[in-house]
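These are the residues of each chain, in order.
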Amino acid sequence: MGLLKIISKSEADKDYLKNGTEYITRNSETIYYGGVNICPERAYKQMRRVKKYYGKTSGNQLIHFIVCFNSDVQDIGTAVDYAYRIAEYYKSKYQILFGIHSEVRSNNSGGVKSLIHVHFVVNTVSFKDGRMFAEGKGKIKEFAEYISEVTGDERWKAMYSVE
């Protein structure tokens, strides 16, 4: 079973966007990063530019979601393919930065297991029309169903966290 976790921070400080983009591109667990509608190396500046253009620089700076694959996904090539395909869901309106992380964990039998997961940061301001990202639980369920189609894993659990 895969897990989709959406994190929304309504009252974030001014560094939240910068910290989020740096976490994706500069974290020690990052094994690959990419983007849609954005240059990954300049993601922070490009997202800020869109926010300033539309006069929406306060409030929720980004939507952070994490896609944790089931144990079938063990190679970087598959994870990269899935990450780009998942990002396509929001590409018509939003800038998206993602980073693939690999976390090594010990399992109960003393072996080592790699947990491949993807962190996505979505600019909350649409580059197309300046509207704010406003996906309710119903839309998040649709998004989880889309991820299910992309990965071929029919058992996805979605968690929505507002901080």
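Quick caveat: nothing in here was measured; it's all calculated off a predicted structure. (Residues numbered from 1 in each chain as written. Predicted model: local features only at pLDDT ≥ 70, side-chain atom pairs only at ≥ 80, totals over all residues. Heavy atoms only, no water.)

Visitor: How do you make sense of the pattern of salt bridges when you look at a structure like this?
Guide: Using the criterion set out here, one finds three salt bridges in the structure. Put simply, arginine 85 and aspartate 81 hold a salt bridge, and the shortest N to O gap is 3.2 Å. Of this pair, arginine 85 and aspartate 81 both sit in helix 3 (residues 76-87), separated by four residues, roughly a single helical turn. For aspartate 81, a relative accessible area of 37% puts it in the partly exposed group. (Salt bridge = Lys/Arg side-chain N within 4 Å of Asp/Glu carboxyl O. Helix = DSSP H or I, 4+ residues; strand = E, 2+ residues; numbered from the N terminus. Buried < 20%, exposed > 50% of the residue type's maximum accessible area, 1.4 Å probe, protein only.)

Visitor: Teacher, can you tell me more about the packing of helix 3 against helix 4 (residues 137-151) here?
Guide: To characterise two packed helices, one gives the angle between the axes of the helices and the distance between these axes. Between helix 3 and helix 4, whose axes approach to 10 Å, the crossing angle comes to 145°. As helix 3 runs across helix 4, the sense of the crossing is right-handed. Across the interface between the two elements, Tyr82, Arg85 and Ile86 from helix 3 touch Phe143, Tyr146, Ile147, Val150 and Thr151 from helix 4. Counted by class, the contact of helix 3 with helix 4 contains six nonpolar, one polar and one charged residues. (Axes fitted to C-alpha atoms, helices over the stretch in contact; angles between N-to-C directions. Left-handed = near helix turned anticlockwise from the far one by under 90°. Contact = heavy atoms within 4.5 Å. Nonpolar A, V, L, I, M, F, W, Y, C, P; charged D, E, K, R; others polar.)

Visitor: Is there a simple way to explain helix 2 (residues 43-53) in this structure?
Guide: An α-helical segment advances 3.6 residues per turn. Residues three or four places apart therefore align on the same side. Buried within helix 2 we find Ala43, Gln46, Met47, Arg48, Val50 and Lys51. Phi turns positive, to about 65°, at glycine 55, one or two residues after helix 2.

Visitor: Quick question: what am I supposed to make of helix 3 here?
Guide: Its 12 residues place the ends of helix 3 16 Å apart at the C-alpha level, agreeing with the 16 Å of an ideal helix rising 1.5 Å per residue. When helix 3 is considered as a whole, its buried residues turn out to be Ala79, Val80, Tyr82, Ala83, Ile86 and Ala87. In a view along the axis of helix 3, the buried residues occupy a sector of 165°, so they form one face of it. Regarding helix 3, its N-cap is aspartate 75, as a side-chain oxygen of that residue lies 3.3 Å from the backbone nitrogen of glycine 77 further along. (Expected span 1.5 Å × (residues − 1). Arc of directions from axis to C-beta. Polar contact = N/O pair within 3.5 Å; in protein donor to acceptor, adjacent residues only side chain to side chain.)

Visitor: Would you mind showing me how to read the packing of aromatic side chains here?
Guide: The way to describe two aromatic rings as a pair is by their centre distance and the angle between their planes. Here the structure, examined in full by the defined rule, presents 16 aromatic pairs. Where phenylalanine 65 meets phenylalanine 120, the ring centres are 4.6 Å apart and the plane angle is 15°; that geometry is what we call stacked. On the criterion of sequence distance, the pair formed by phenylalanine 65 in strand 3 (residues 62-68) and phenylalanine 120 in strand 5 (residues 112-123) is long-range, its members being 55 residues apart. Phenylalanine 120 sits in the buried class, given a relative accessible area of 0%. When the centroid spacing of 4.9 Å and the interplanar angle of 85° are considered together, the rings of tyrosine 89 and tyrosine 90 count as edge-to-face. (Phe/Tyr/Trp six-rings, centres within 6.5 Å; stacked < 30°, edge-to-face > 60°.)

Visitor: How should I be thinking about the environment of cysteine 68 in this particular structure?
Guide: The topology assignment puts cysteine 68 in strand 3. Through-space distance from the C-alpha of cysteine 68 to that of lysine 157 is 9.9 Å; in sequence the pair is 89 residues apart. Other than its neighbours up to four places away in sequence, cysteine 68 contacts Gly2, Leu3, Ile116, His117 and Trp156.

Visitor: Sorry, what's going on with the confidence of the model for the protein here?
Guide: It should be kept in mind that the predicted coordinates are not to be read in detail where pLDDT is low. This prediction gives the protein a mean pLDDT of 86; 90% of its residues lie at or above 70. Confidence scores differ between elements of the protein, with strand 6 (residues 156-162) showing the lowest mean pLDDT of 73 and helix 2 the highest of 96. (pLDDT = per-residue confidence, 0-100.)

Visitor: Mind showing me how you'd approach the packing of helix 1 (residues 16-26) against helix 2 here?
Guide: One can describe the packing of helix 1 onto helix 2 by two numbers: an axis separation of 9 Å at closest approach and a directional angle of 145°. Between helix 1 and helix 2 lies a crossing whose hand is right-handed. Two secondary-structure elements touch here, helix 1 through Leu17, Lys18 and Thr21 and helix 2 through Ala43, Tyr44, Met47, Arg48 and Lys51. Grouping the amino acids of the contact of helix 1 with helix 2 by side-chain chemistry returns four nonpolar, one polar and three charged.

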